[in-house]
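Residue-level structure breakdown
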Amino acid sequence: MAELTNPERRMLRALQNRHDGWSLEEILSACNWDDQAIAVSAGHGLSNHGFLTIAESSTTEVILGVEGQKASEGGLLEARLWDYIQANPSATMGDLSSTFERHEAGPGIGLLKGLGVSIQGGSFGCDDSDSVSNAIEQRTAFIQSPTIEHELFEHFKGRKNLIEVVEMVKLTWKISASGIKVPKEELEEVVQIAEITPELLQGDDWKNAQFRPYDVSLEAAVPRSGRSHPMQALIERIRSIFLEMGFSELVDDYVQTAGWNMDALFIPQDHPAREMQDTFYLENPKQIQLDPKLLTNWKAIHEHGGDTESTGWGGQFSEDISKRGLLRTHTTVNTIQYLAKNPTNPCRVFAIDRVFRKESIDRTHLPEFHQIEGIIMEPGANLGMLVSTLKTFYAKMGYPEVRVRPAYFPYTEPSLEIEVKWRGKWLELGGAGIFRPEVTEPLGIKDPVCAWGMGLERLAMLVLGLDDIRQLYISDLEWLRNQPIL
Ligand code: PHE
């Protein structure tokens, strides 16, 4: 015989005691269940085995609507008004309006008028108050047990929200000939072990036990536990790739001077990116002191190229502009300071940090975002090394197709743009190049420096398949929960 579940066994045992149809209530009480879902599902199982048949019949019933429920507890509107008028024979319209809710008095009087109550000179009168009381009693009785057959059914159907007509489906379970034949012994409920515990395995009971099979097709709740924000997870992954490639991490402040953020990088003082509309300058600190020696060096480089072979930008270099406080616009400001402090030790350094630019927020721009910055300084460092480092990084991120194109930055020569192929299209992810002598010489750096700065959010959009950068920061819990583990 096919395996039956315990509820099926119990239900079939009950049905074998009486061979006509059983109602849901009868099954629940015979099986000692209070959850009708168990009965319905056991019934389905038994019907699939051919041990019973299920009959469906529908009946129409009248139930109370929202207003009907209120009326059955607190009385019908006409009953409450009528009681009040009986108790206060000289009551006027005004009294009614102040005693009852505003939306009740008007319709209530309408109902009473329909029963023969009249208004004369502002007070109420009636020829036959017994018949009014009688009619109201009948209506009250109907509300206590409404039926379709009752003569007041039509009256109540015409009133708003008092009664509702509903279709009720009733199921009846009836044992079949083959169900009757199933031997009682086979309908013993068996103890099935659902969980294997150390206690169970210590004894011998498990040897004869039945184990509940796993049903891998069942819907299961997805376990939800705390996890890193996808941006944080991505940062961790990038960090571990650079660490693996032999880099050390650099963390530094985002409050900086224009001097380090721009002048040290040979960005001309009249460069458009320095304008107020592109850079967040600070009110406090408005100025930050800089080493006078540095200022002298930068001034010389900018005005005429200093001791390098460069001719500089010409014009007048302003030390006041240099000292202005700002929120860094790129993380290159930190790598250049690292080099200034360690000009002669070959190094591989990276940073993943926040930068600020006055961008209006849209699908691909945010005023606060992150850059993945890095430098390699060592004897013989060259463009080939720079490109292969970036290619290795993106390949480890899962983007093996990378290309570079010529570009321009005031602080690198040659300069290039890095592009990654994504869904058949080339996307620009960052800039790179080799620092110019105007940048390295004033700081005493002798070896070539490969440098790059790439957008983290742009990369996140590829990794997470987003077409709107804002999605990363709106804290949409449902979206966050469904992000892949990176
Ligand atoms: N700082 C540049 C940017 O913000 C990127 C860059 C870094 C370019 C280092 C060249 C070298 O876009």
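1. Section: the domain arrangement of the chain
Assigned domains within the chain: domain 1 (6-62 + 167-211), domain 2 (66-160) and domain 3 (233-481). One C-alpha centre belongs to domain 1, the other to domain 3; they are set 71 Å apart.

2. Focus on the pairing of strand 5 (residues 163-175)
Pairing analysis gives 2 bridges linking strand 1 (residues 22-23) to strand 5, with the strands arranged antiparallel. Bridged to W22 within strand 5 is W173. Here 13 bridges tie strand 2 (residues 52-64) to strand 5, and the two strands are oriented antiparallel to one another. Paired with E61 across the bridge in strand 5 is V166.

3. A few points about the site of the ligand
Taken together, the neighbourhood of the ligand is formed by 13 residues, with H330, T332, R357, Q371 and Y411 sitting nearest. Contacts to the ligand include Q371, whose side-chain N or O atom sits 2.9 Å from an oxygen atom. Taking Y411, its side chain carries an N or O atom lying 2.8 Å from a nitrogen atom of the ligand. Look at the ligand: alone it shows 320 Å² of surface, and the protein chains cover 91% of it. Among the elements of the structure, strand 12 (368-377), strand 15 (425-435) and strand 16 (449-455) are those that each provide at least two residues to the shell around the ligand. Top element by residues in the shell around the ligand is strand 16. It accounts for 3 residues. When its residues are assigned to classes, the shell around the ligand shows 5 nonpolar, 6 polar and 2 charged.

4. Section: the packing of helix 12 (residues 230-244) against helix 19 (residues 456-464)
Two elements in contact, helix 12 and helix 19, have axes separated by 11 Å at closest approach and are oriented at 105°. The angle between helix 12 and helix 19 places the two elements in the roughly perpendicular class. Facing P230, M231, L234, I235 and I238 of helix 12, the residues of helix 19 in contact are L456, E457, L459, A460, V463 and L464. By residue class, the composition of the contact of helix 12 with helix 19 is 10 nonpolar, no polar and 1 charged.

5. Let's talk about the sheet that holds strand 1
A sheet is described by the order of its strands in space; here 3 strands give the open sequence 1-5-2, paired in antiparallel fashion. Every other strand in the sheet has two partners, leaving strand 1 and strand 2 as the edge strands with one partner each. Its contacts with the sheet place helix 1 (residues 6-15) against strand 1, strand 2 and strand 5, and it is angled at close to 85° to strand 5.

6. Focus: the packing of aromatic side chains
All chains considered together, the criterion is met by 13 aromatic pairs. Residues F242 and F350 carry aromatic rings whose centres are separated by 5.2 Å and whose planes lie at 20° to one another, so their mutual orientation is stacked. Of the two residues, F242 is situated in helix 12 and F350 in strand 11 (residues 347-356); the sequence distance between them amounts to 108 residues. Both residues of the pair, F242 and F350, count as buried. Among the aromatic residues, ring-to-ring pairing joins F242, F247, F350, F393, Y394 and W452 into one connected group. The residue whose ring lies beneath R18 is W22, and the NZ or CZ to ring-centre distance is 4.3 Å. The lysine or arginine in question, R324, covers the ring of Y281, its NZ or CZ lying 4.1 Å from the ring centre.

Cut-offs and rules
Residue numbering note: each chain is counted from 1, following its sequence as written. The predicted origin of the model limits local features to residues at a pLDDT of at least 70 and limits the giving and counting of side-chain atom pairs to 80 or more, whereas totals for whole chains, interfaces and linings rest on all residues. Calculated side-chain values reflect all of the structure's heavy atoms, with hydrogen atoms and water omitted. Each domain's extent is set by a domain assignment, obtained either automatically or from a database. At least two bridges found by DSSP between two strands is the condition for calling them paired. To qualify as a helix, a DSSP run of H or I must reach at least 4 residues; to qualify as a strand, a run of E must reach at least 2; elements of each kind are numbered from the N terminus. Whether a residue is near a molecule or strand depends on its heavy atoms: it is near if one of them lies within 4 Å of it. A 3.5 Å cut-off defines polar contacts: any pair of N or O atoms within that distance qualifies, except that in protein one atom must be a possible hydrogen donor and the other a possible acceptor, and neighbouring residues in sequence count only when both atoms are side-chain atoms. Computed with a 1.4 Å probe, the accessible areas rest on the Shrake-Rupley method; for each residue, only the protein chains presented here act as cover. Residue polarity is assigned by list, with Asp, Glu, Lys and Arg as charged and Ala, Val, Leu, Ile, Met, Phe, Trp, Tyr, Cys and Pro as nonpolar; anything else, Gly included, falls into the polar class. Comment: axis = line fitted to C-alpha atoms, over the contacting stretch for helices; angle = value between 0 and 180 degrees taken between N-to-C directions. Working definition: roughly parallel below 35 degrees, roughly antiparallel above 145 degrees, roughly perpendicular at 65 to 115 degrees, and oblique for all remaining angles. Two residues form a contact once any of their heavy atoms are found within 4.5 Å. Under the pairing criterion, centres of Phe, Tyr and Trp rings, with the six-membered ring standing for Trp, must be within 6.5 Å; the plane angle then separates stacked pairs below 30 degrees from edge-to-face pairs above 60, leaving the rest tilted. Summary of the burial criterion: residues with accessible area below 20% of their type's maximum are buried, those above 50% are exposed, and those between are partly exposed, where the area comes from a 1.4 Å probe applied to protein chains only. Over a ring means this: the NZ of a Lys or the CZ of an Arg is within 6 Å of the ring centre and within 35 degrees of the ring normal.

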